[in-house]
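One letter stands for each residue in the lines below.
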Amino acid sequence: METTELLKRVRRIEIKTKGLSRQIFSGEYHSAFKGRGMSFSEVRNYQYGDDVRNIDWNVTARSGEPYVKVFEEERELTVMLLVDISKSSFFGTVRQPKNELITEICAVLAFSAAQNNDKVGLLLFSDRVEKFLPPKKGRGHVLRIIRELLDTRPQGSGTDIGMALTYFTNMVKKRSICFLVSDYLATGYERPLRLAARRHDLVGLHLYDPRERELPPIGLLRTVDAESGKTQWIDTDSKHVRTRYADWYSENMGYFNDSFRQSGADTLSVETTEDYVKELLRFFRRRG
């Protein structure tokens, strides 16, 4: 992509998603994802009804009057976006390709985090790690994340979610909120997911095109596997073919749902034809 066009696209996405995150998501994001705990803020005079367990006995002894410790929530968080950019993410048949929707959703999440003064990092992967940006604060860093999402093309030919989770677990030691964004048309990541979910607050964000779930009866169709490059003709009028296709998709989704449920991590599914704003708000409110 030419630099001028890339900058224009980054700016368009910033205008759209920053407004959404400021007007809609900031409060919901704050309540959905809590801080690391409570930290000491100050001491003040004891008042009737205060918890006696919070009395600061050292200050009380020096002053001759009872004082209590005041605590406040530690709000600073780290948000990591683990994004599947394998070639299947460029598929789309209705409103927009999955990768465009992924970019918008990640931009909303990144701006929501930035407005809460949280750090945001990015890991792009296929069957290898394509790009890793350590967590940082600020608008400039969020814009770089958007630029990488728009402009990075995968060098790998497949999808390895387990590898990405293992890399993330090894690289990010501090507990973080992790959004793992993928179409989840892969398996074999159950153990790395379980290990990552023990340390981090993990959310599986599943994005899919309606044609991935169900094949329409439109006759003889030439198909190309985006990741393997394999070409074949299939008869979509065949009920057997459509059933096998639906079963394949159901198996992948069954693995996705079972793996995340057993690991204790959250999930959210968004179809490319749906309003992702409503789905994110519903998810944030459920978390809050």
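Up top you'll find the structure we're talking about.
Summarised in this report is the structure supplied together with it. Note that the structure is predicted; figures quoted are calculated from it, not measured. (Residues numbered from 1 in each chain as written. Predicted model: local features only at pLDDT ≥ 70, side-chain atom pairs only at ≥ 80, totals over all residues. Heavy atoms only, no water.)

The next thing to look at is unusual backbone geometry. Negative phi characterises most residues that are not glycine, and trans characterises most peptide bonds. Its identity as a non-glycine residue notwithstanding, Asn117 has a phi of 65°, on the positive side. Relative to the helices and strands, Asn117 resides in the loop between helix H3 (98-115) and strand E4 (119-125). If you check the backbone angles, Tyr184 has positive phi at about 55° while not being a glycine. Inspection of the secondary structure assignment puts Tyr184 in the loop between strand E6 (177-182) and helix H6 (190-199). (Helix = DSSP H or I, 4+ residues; strand = E, 2+ residues; numbered from the N terminus.)

Our next topic: the side chain of Asp50. With respect to the secondary-structure elements, Asp50 resides in the loop between strand E1 (37-45) and helix H2 (57-63). Look past the residues within four positions of Asp50 in its chain and what remains in contact with it is Arg44, Asn45 and Val68. (Contact = heavy atoms within 4.5 Å.)

The next point concerns the nonpolar core. Phe33, Leu81, Val83, Ile146, Phe179 and Tyr276 are the most contacted members of the largest nonpolar core, which has 47 residues in total. The dominant element in this core, judged by the number of residues it contributes, is H3, at ten residues. Sequence-distant contacts of Ile146, that is, excluding residues within four places in its chain, are made with Val10, Ile13, Thr103, Ala107 and Phe111. Counting 26 residues, the second largest nonpolar core, distinct from the first, contains Met80, Phe125, Phe168 and Ala196. (Core = buried A, V, L, I, M, F, W, Y, C linked by side-chain atoms within 4.5 Å. Buried < 20%, exposed > 50% of the residue type's maximum accessible area, 1.4 Å probe, protein only.)

Let's shift gears to empty space enclosed by the protein. Once rolled over the atoms, a probe with the size of a water molecule shows which space is left empty. Enumeration according to the criterion identifies one cavity of 30 Å³ or more in this entry. Its volume calculated, the largest cavity comes out at about 60 Å³. Counting only elements with at least two residues in the lining of the largest cavity, the list comes to strand E3 (78-84) and H3. Here the lining of the largest cavity gets three residues from one element, more than from any other, and that element is H3. Residues that form the lining of the largest cavity fall into these classes: five nonpolar, four polar and two charged. (1 Å grid on protein atoms, 1.4 Å probe; cavity = no way out; pocket = protein on both sides within 12 Å on 5 of 7 lines; lining within 4 Å. Points joined across faces, edges and corners; volume = space filled by probe spheres on them. Nonpolar A, V, L, I, M, F, W, Y, C, P; charged D, E, K, R; others polar.)

To continue, consider the packing of helix H5 (residues 161-171) against H6. In the contact formed by H5 and H6, the axes pass within 9 Å of each other and the chain directions differ by 30°. One way to sum up the angle between H5 and H6 is to call them roughly parallel. The handedness of the crossing between H5 and H6 is left-handed. Of H6, the residues touching H5 (which contributes Gly162, Leu165, Thr166 and Thr169) are Pro192, Leu193, Ala196 and Arg199. Class assignment of the residues belonging to the contact of H5 with H6 gives a composition of four nonpolar, three polar and one charged. (Axes fitted to C-alpha atoms, helices over the stretch in contact; angles between N-to-C directions. Parallel < 35°, antiparallel > 145°, perpendicular 65-115°, else oblique. Left-handed = near helix turned anticlockwise from the far one by under 90°.)

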